[in-house]
Amino acid sequence: HMLMGLKLPTDVPPAPPEEIQAEPEPEAPVEAVASAPPEEPSKPGVAPPENYGDFSDFSLKVLILASRLERNHATQHAAEQLLKFGTAAGERMIEAELTDSPEEQCRLKRAALRDLHVAAYWLVLIRRSKFISAASFEEIELKCKTMTGTVETSLHAVQPNVKSDMPALPSL
């Protein structure tokens, strides 16, 4: 074999692939993980966004719920959608707090509100499908409603006259 003018030996067996095994971390109970204080962003000179802990707590609950769904085509799709929209709301609110433009702040907060409405829809579908026990949903559904109210309040603070064209949250 020739590679850039170098002759490579052909009789050398390939090296065995290295197996990297991470040390197993002790599994913390979900309640302990879900209630752990969130790590706040550490950008010098920038205060953490308002309600940062609430949004990271909701995103963590979404991650935990999605990880508990059994693995088949339907539940995988539901988990992906819940993860996509349930974690995006907090990210958008952080972006909104860090932007200087009131128009951009309003756009990001409206997008976060849409994300929460879609996440609520997927929570309803997952609960009604009985993919997971109903007891797992009370806290996360309440948190979704609370976060939706927080975003609506925050949106009205940026643009007091803006009317929400969002439909009511699905019956959680």
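Preceding this section is the structure that the text describes.
Residues numbered from 1 in each chain as written. Predicted model: local features only at pLDDT ≥ 70, side-chain atom pairs only at ≥ 80, totals over all residues. Heavy atoms only, no water.

Any chance you could explain helix α3 (residues 73-98) here in plain terms?
With 26 residues, α3 extends 38 Å between its outermost C-alpha atoms, agreeing within 8% with the 38 Å of an ideal straight helix rising 1.5 Å per residue. Three or more residues of α3 are buried, namely Thr-75, Ala-78, Ala-79, Gln-81, Leu-82, Phe-85, Gly-86, Ala-88, Ala-89, Gly-90, Met-93 and Ala-96. Contacts from the buried residues of α3 go to α2 (52-68), α4 (102-129) and α5 (138-158). For α3, the side-chain oxygen to backbone nitrogen distance between the N-cap and Ala-74 is 3.0 Å, and the N-cap itself is Asn-72. (Helix = DSSP H or I, 4+ residues; strand = E, 2+ residues; numbered from the N terminus. Expected span 1.5 Å × (residues − 1). Buried < 20%, exposed > 50% of the residue type's maximum accessible area, 1.4 Å probe, protein only. Contact = heavy atoms within 4.5 Å. Polar contact = N/O pair within 3.5 Å; in protein donor to acceptor, adjacent residues only side chain to side chain.)

Can you help me understand unusual backbone geometry in this one?
Keep in mind that most residues, glycine aside, have a negative phi and that most peptide bonds are trans. At Lys-130, a residue that is not glycine, the phi angle is positive and equals roughly 60°. Within the secondary structure, Lys-130 sits in the loop between α4 and α5. Using a relative accessible area of 69% as the deciding quantity, one classes Lys-130 as exposed.

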